[in-house]
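Structural characterization, general
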Amino acid sequence: MMADREEKVLAEANEKTDAVLPEIKTDLHSLLIAYLSVFIDMLGLSLIIPIIPFLALSFGADSTALGYIYASYNGAQMISVPITGWLSDRYGRKPMILASLFGSFVGFLVQGLATELVTFCMGRVITGIFGGSVPIVNAYICDTVPAAIRPKYFAQLGAVIIVAFMFGPGIGAGLAQFSLQTPMLVACATSGFGFALALFAFKEPEKKLSKELKESDETKKSSPIPQNSVKNAMSDGDEEIGEDEKTEETRPEYRIPVTMMLMAMLFYSWAFAGYLYYSGLLFFDLWGWESLEFGFTAMGVSVWTVFHQMSSFVVFQRKFGKHAALILGSICLGVGFLLLSLLGEDVWAFTGVPLLAISVALLGFGVALTNPAITSITSRYATKLEQGSILGRSTALRSVGSTIGPVVWGVLYGVDWRLVFQLCFAMSLLCTVIGIVVLRMNYSLPEHIREAKSPKIGKSSEPIGVEMSVRKLGPTEEPGELHALRNENQKLKKKLAHYQGEELSPDLQETLELEAQHNIKV
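Everything quoted here is computed from the prediction, not taken from an experiment.

**Quick notes on the pattern of salt bridges**
Applying the stated rule across the entire model yields one salt bridge. Two residues, Asp89 and Arg93, come together in a salt bridge whose shortest N-O distance is 2.8 Å. The class for Arg93 is buried, based on a relative accessible area of 6%.

**Things to note about the side chain of Ser104**
Structurally, the position occupied by Ser104 is in helix α5 (residues 93-113). According to the relative accessible area criterion, Ser104 is buried, its value standing at 1%. Apart from residues no more than four positions distant in its own chain, Ser104 is found in contact with Asp41, Phe130, Gly131 and Ser191.

**What to know about a nonpolar patch on the surface**
The grouping of Leu109, Leu113 and Leu185 at the surface amounts to a nonpolar patch, some 260 Å² of accessible area in total. Tracing the chain through its elements places Leu109 in helix α5.

**Brief notes about the nonpolar core**
In terms of nonpolar packing, the biggest core is built from 103 residues, with Phe337, Leu343 and Trp409 touching the most fellow members. Setting aside anything within four residues of it in sequence, one finds Phe337 in contact with Ala271, Phe272, Tyr275, Leu363, Phe421, Cys424, Phe425 and Ser428.

**Details of the confidence of the model for the protein chain**
Chain-level pLDDT for the protein chain is 76 on average; 70% of the residues reach the 70-or-more range. Of all secondary-structure elements in the protein chain, the lowest mean pLDDT belongs to helix α11 (residues 227-234), at 38, while helix α15 (residues 322-340) reaches the highest, 95. Note that pLDDT drops below 50 for residues 13-25; the model gives that stretch 20 contacts with residues more than four away or on any other chain. Counting interchain partners and residues more than four positions distant, the pLDDT-below-50 stretch residues 456-480 has 34 contacts.

**Comments concerning the side chain of Ser37**
By the element assignment, Ser37 lies in helix α2 (residues 28-47). Of the residues examined, Ser37 reaches a relative accessible area of 1% and is grouped as buried. The residues touching Ser37, leaving out its near neighbours within four places in the chain, are Ile97, Leu101, Gly194 and Ala198.

**Observations regarding the packing of α15 against helix α18 (residues 417-443)**
Running from N to C, α15 and α18 point in directions that differ by 165°, and their axes come no closer than 8 Å. In this view, α15 runs roughly antiparallel relative to α18, as classed from their interaxial angle. The two elements α15 and α18 cross, and the hand of that crossing is left-handed. Touching His323, Leu326, Ile327, Ser330, Ile331, Leu333, Gly334, Val335, Phe337, Leu338 and Leu340 of α15 are Trp417, Phe421, Cys424, Phe425, Ser428, Cys431, Thr432, Gly435, Ile436, Val438, Leu439 and Asn442, all from α18. Within the contact of α15 with α18, the residues separate by chemical class into 16 nonpolar, seven polar and no charged.

Definitions and cut-offs
Chains are numbered independently. Their residues run from 1 in the order of the written sequence. With pLDDT at 70 or above as the cut-off, local features in this predicted model cover only qualifying residues; side-chain atom pairs require 80 or more to be listed or tallied, and sums for whole chains, interfaces and linings still use all residues. Remark: hydrogens and water are excluded; side-chain values derive from all non-hydrogen atoms of the structure. We count a salt bridge whenever a side-chain nitrogen from Lys or Arg sits within 4 Å of a carboxyl oxygen from Asp or Glu. Burial classes: relative accessible area under 20% of the type maximum marks a residue as buried, over 50% as exposed, and values in between as partly exposed (1.4 Å probe, protein chains only). Here a helix means four or more residues in a row that DSSP labels H or I, a strand means two or more in a row labelled E, and each is numbered from the N terminus. The contact criterion used throughout is that any non-hydrogen atoms of two residues lie within 4.5 Å. Patch building starts from residues that exceed 30% relative accessible area and form no salt bridge, then joins like charges within 9 Å and nonpolar side chains (Val, Leu, Ile, Met, Phe, Trp, Tyr) within 5 Å. Each accessible area is a Shrake-Rupley estimate made with a 1.4 Å probe; only the visible protein chains count as cover when residues are assessed. Put simply, a nonpolar core is a bunch of buried Ala, Val, Leu, Ile, Met, Phe, Trp, Tyr and Cys residues held in one set by side-chain atoms that sit within 4.5 Å of each other. Looking at any residue, its pLDDT shows the predictor's confidence there, from 0 to 100. The axes used here are C-alpha line fits, helices contributing only the stretch in contact, and every angle between their N-to-C directions lies in the interval 0 to 180 degrees. Here the word oblique covers every angle except those under 35 degrees (roughly parallel), over 145 (roughly antiparallel) and from 65 to 115 (roughly perpendicular). In this scheme the handedness of a crossing depends on how the near helix is turned from the far one: anticlockwise by less than a right angle means left-handed, clockwise means right-handed. Residues are grouped as follows: Ala, Val, Leu, Ile, Met, Phe, Trp, Tyr, Cys and Pro are nonpolar; Asp, Glu, Lys and Arg are charged; all remaining types, including Gly, are polar.

Quick look at the structure:
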């Protein structure tokens, strides 16, 4: 019921702001080209996922060297993505998208033609340096799409990436049946096609604000609509309780939860790197599986994960909350890692394929809950002005985990492969503990204490809505009660503003008082 009322509030805020917000036209053709460029770039990357372990083995690499191969791409991307974003702000979106696709073309070509490990790693580094099309397209969306509907286009971009990674591994596994270099060369061709498409069809967005957009600032100042409503309509996402628009630094009571969630992101990405980068080598060592079996296993896990992320996570977090989603997801991750450490050499025994199916199902479900939950909780404790910087730190820590994880797991795999998944199990439990601690801290935050102490308004459990129901003076009530009812009406209006997180301006307060007097019927 609360969710329905919040949707009603947002809808009415959007309707009120239509009169003061300028019309911003989005070039849907160029946006479609941008989506396609990302899809081609991500498809090329996902095509080679099931091939890298076996191509590295053909070069004589061991588990430690395989870790450096994976780290070379992730490390290069970790360094280049912030620089790419700055360059796209300075020189434009189109030049950087073209540079990204052309760099991917060169990187995949070097990997496909490599005959030794060093050359192959060089190709990985080139691909990592230029593999930054996603943040550039995110910036393009911010340039061309009104903020009120921006989340819709971010979600569409996420769906494009998901689709590429759902089917890329399976396609790459099939192409590897011709040769291990074939997926690299096909990825090179797709990047070249994307470059040509963006070169001739993609349009650079206008960077300067339109005259109407500048004039809208003056309109907002003279508008009777509360400024918070305009800000809410223009915000990129849902406003959380913990946000404080007037504070640039994290409020003291939120610093510890934010820090703990950043650590949870590091542990999660570090642990997941163990499965992502070493499961293929494990299947080869235990059962002799090669790129075809591993590729279709990876594709099945991707489809399973996407299904639950788009369905189970939404339902679960709506019913039980984001913190509960993190706790359950990390528990499933831990159990999945623990079961992987129990796999045996007999492929058709219970410790073979049946146990693998159970473990990867738990891992996929755990990823579907844990990954979005960590991001959502981190955003919940960040102020509005800190959303970008704190989520940027979270992304940076994810990159750190994905970079150092393969190196550490590669060394441990050479000692005993079970150590890799047992330590991944321990890191997942750390995420569970962090989720429980942050949830307990959440209940002690000032807004929850305030809410618990505040008296119930009326006998109804219905949450306060935008439209305040007006109580008419009954025939048995004395006219002397009119003054008390008027005061009660005004108090309820002020409580509504408090629950909405808005401060009443003098003009708005006077308007509400006049409205309260007008609404009371004798």
